Amino acid sequence: MTFAVHGLVVARGIAIGRAVLVASSRVDVAHYFVQPEQVPAEIERVRQGRNAVVEELHRLQADMPADAPHELTALLDVHLMLLQDELLTTGVKHWITDRLYNAEWALTTQLELIARQFDEMEDDYLRERKADLEQVVERILRHMKGVASPVAPPVSSPRRKTSQDLLLDDTVDVPLVLVAHDLSPADMLQFKQSVFAGFVTDVGGKTSHTAIVARSMDIPAVVGARSASQLVRQDDWIIIDGDAGVVIIDPSPIILAEYGFRQRQIALERERLFRLRHTPAVTLDGHKVELLANIEQPGDAPVAVRAGALGVGLFRSEFLFMGRNGHLPDEDEQYLAYREALEGMQGLPLTIRTIDVGADKPLDKAHKDSFLNPALGLRAIRWSLADPAMFRTQLRAVLRAAAHGKVNLLFPMLAHLSEIQQTLAQVDMARAELQARGAVYGPVELGAMIEIPAAALMVRSFLRYFDFLSIGTNDLIQYTLAIDRADESVAHLYDPLHPAVLRLVADVIAECTAQGKSVCVCGETAGDVGMTRLLLGLGLRSFSMHPAQILAVKQEVLRADTRKLAPWAQQVLEADDPAALLAG
Ligand code: PEP
Ligand code: MG
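Here the structure is a predicted model, which is why all the values come from computation and not from measurement.

## As for the confidence of the model for the chain
Now for step 1: Mean pLDDT over the chain works out to 88, with 91% of the residues at or above the 70 mark.
Now for step 2: Residue range residues 148-172 is modelled with pLDDT below 50. Its contacts to residues more than four positions away, or to other chains, number 56 contacts.

Structure follows, in structure tokens:
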């Protein structure tokens, strides 16, 4: 039976494919596809993990004091029994062998499957055994954590076809659509190397970092789809309507045909836009507009160039630091990564933002769980300044990379004068350290992100210290409106057109323009074609966005006349309800 789940629009387009469920686990597990030749080793990892847990439980049994409650020994027996369960072992083997899931993913997938069967049981006692099963699997996962997979994730998802795939065209590989309760940005990054056709998550806001990475993959995605991961089953056919933020589960043939048609229309539109790739972004009245790219990894740089970007306006360097179990990249590793990104830019400028971890971008799961209020806690520049040695390692790596091309250095989330002063002092120290070592380094322009209302309100002070500013609307909206950008329950209040947000953005642009300093918007607003005319009208001439958005924004620029947009933008700025004016 066809049914639909509504979520938030994150990345546009239509995806039609089979669901691949990623079960959530309390243990932080990686999800990736292995190569066929790795299958025996993956199965062996699970076997070893399971055997270790069996031994552990036997030891516990042996050490149990004679007067221990009977329930405790009975519980250990239940756990041992669950460990031998056929359904668990054969199921895990199936996911590894037939789907090429890595061992941890196979375990959590099978756990989810069995847990659902437990949920449907009439008997209370049996239903409650689900918690035992979860504990047993978590024990296995913890044991396996020390035994990492020997090979890096492959670059494609070699899924095999099932007989059900005959429903559509069985002569082509069936697209896969990822469905999860939640995915960390680090997980998303790993999936970036796979060939998923779309994403759905139960939680997350439009500008959560998971959504941002999904968007950078340029595939349809819906987040905040509440119960999607509960309703969808492995292998279900689903449609992601990224334009409407809707997920259709088990679509009827008529719906499939309709969406297939829309998919082809979107592909044609993209082809049309692609012709604008080499067209300079100039408004009708002759203003040159700089369209830059946001990237997460060095390998994204060539993609940015191919998409027609004139440079990178935001390299989110924190993605180099995430999911490494606390082993941060050293100076050389970072230097090589920045240099690779720079080389990928083929002479175009690269703006590297220093590490911005925290909030919904934890270094790893343990890091996420250890803060009271992560969005207001030790994130971004605060985190860097709290560990100056780590910070200077990054600064030295960036300065060294700058010897190979045009690099700008950007600092996230500054709010206090003292933070500005400390940051600049760290840059001076990093230079001095390189000099003392006789290392080669290059010049960089220094910029600050405007992401906190306090920063927007003291823009003049910022301009005394920095060569350029970059407005991070994702956080600026979050902090101005007190709306957690990653929380789907308040997503309806997350409003880029709120008059207070517009006022802050407009004032920063105006002040920079008056002082002849360059200013860019690098939040998601910059890639939203519905905002392009307004931002142009407010005087913005530099936009940084996901490469996939560049041509659509360029098309808006080519149609714009800033002589008309400027007075209109002032009206929007004064309006109680700017959204109404924008729609009109
Ligand atoms: C922003 O806040 O708008 C921004 C670009 O930074 P990030 O999304 O990485 O927090
Ligand atoms: Mg930010």
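## Some remarks on helix α11 (residues 331-344)
Now for step 1: An ideal rise of 1.5 Å per residue puts 20 Å on 14 residues; α11 measures up with 20 Å between its terminal C-alpha atoms.
Now for step 2: All of the buried residues in α11 are Glu331, Gln334, Tyr335, Ala337, Tyr338, Ala341, Leu342 and Gly344.
Now for step 3: Those residues of α11 that are buried are in contact with α10 (300-306), β10 (312-316), β11 (350-353), α14 (388-401), β12 (407-411) and α15 (417-437).
Now for step 4: The opening residue of α11 is Asp330, an N-cap whose side-chain oxygen sits 3.2 Å from the backbone nitrogen of Asp332.
Now for step 5: Where α11 ends, the next residue or the one after it, Gln346, has phi of about 50°, a positive value.

## Quick notes on the nonpolar core
Now for step 1: Grouped together as the largest cluster of nonpolar side chains are 149 residues, with contacts concentrated most on Phe196, Phe199, Phe411, Phe466, Leu469 and Leu534.
Now for step 2: It is helix α19 (residues 499-515) that contributes the most residues to this core, 8 residues altogether.
Now for step 3: With near-sequence residues (within four places) excluded, Phe466 lies in contact with Phe411, Leu414, Ile420, Leu424, Leu446, Gly447, Ala448 and Lys517.
Now for step 4: Residues Ala15, Ala19, Leu21 and Val232 belong to the second largest nonpolar core, which totals 15 residues.

## Brief notes about the side chain of Glu419
Now for step 1: Here Glu419 is to be found in helix α15.
Now for step 2: Here Glu419 sits buried without a salt bridge, and the closest side chain of opposite charge, Arg382, lies 4.2 Å off (N-O distance).
Now for step 3: Those residues in contact with Glu419, other than ones at most four positions away along the chain, are Ile381, Arg382, Leu385, Met413 and Leu414.

## Points about the coordination of the magnesium ion (ligand 2)
Now for step 1: With distances of 1.9 to 2.0 Å, the protein atoms coordinating the magnesium ion (ligand 2) are Glu451 (OE) and Asp475 (OD). Here Glu451 is found in the loop between β13 (444-450) and α16 (453-457), whereas its partner Asp475 is found in helix α18 (residues 473-481), with 24 residues between them in sequence. Each member of the pair, Glu451 as well as Asp475, is classed as buried.

## What to know about the site of ligand 1
Now for step 1: Taken together, 17 residues lie near ligand 1, and Arg316, Arg353, Gly472, Asn474 and Arg485 sit nearest.
Now for step 2: A distance of 3.1 Å is found between an oxygen atom of ligand 1 and a backbone nitrogen or oxygen belonging to Thr473.
Now for step 3: A distance of 2.9 Å separates an oxygen atom of ligand 1 from a polar side-chain atom of Asp475.
Now for step 4: Its free accessible area being 290 Å², ligand 1 has 100% of it covered by the protein chains.
Now for step 5: Counting only elements with at least two residues in the shell around ligand 1, the list comes to α7 (209-216), β10 and α18.
Now for step 6: Ranked by residues supplied to the shell around ligand 1, first place goes to α18 with 3 residues.
Now for step 7: Residue composition of the shell around ligand 1, by class: 4 nonpolar, 5 polar and 8 charged.

Here is what the cut-offs are and how they apply
Residues numbered from 1 in each chain as written. Chains lettered and ligands numbered in written order. Predicted model: local features only at pLDDT ≥ 70, side-chain atom pairs only at ≥ 80, totals over all residues. Heavy atoms only, no water. pLDDT = per-residue confidence, 0-100. Contact = heavy atoms within 4.5 Å. Helix = DSSP H or I, 4+ residues; strand = E, 2+ residues; numbered from the N terminus. Expected span 1.5 Å × (residues − 1). Buried < 20%, exposed > 50% of the residue type's maximum accessible area, 1.4 Å probe, protein only. Polar contact = N/O pair within 3.5 Å; in protein donor to acceptor, adjacent residues only side chain to side chain. Core = buried A, V, L, I, M, F, W, Y, C linked by side-chain atoms within 4.5 Å. Lys, Arg positive; Asp, Glu negative; His and termini not counted. Salt bridge = Lys/Arg side-chain N within 4 Å of Asp/Glu carboxyl O. Donors = N, O, S within 2.8 Å, 3.2 Å for Na, K, Ca; no water. Near = heavy atom within 4 Å. Areas by Shrake-Rupley, 256 points an atom, 1.4 Å probe, with all protein chains shown as cover. Nonpolar A, V, L, I, M, F, W, Y, C, P; charged D, E, K, R; others polar.

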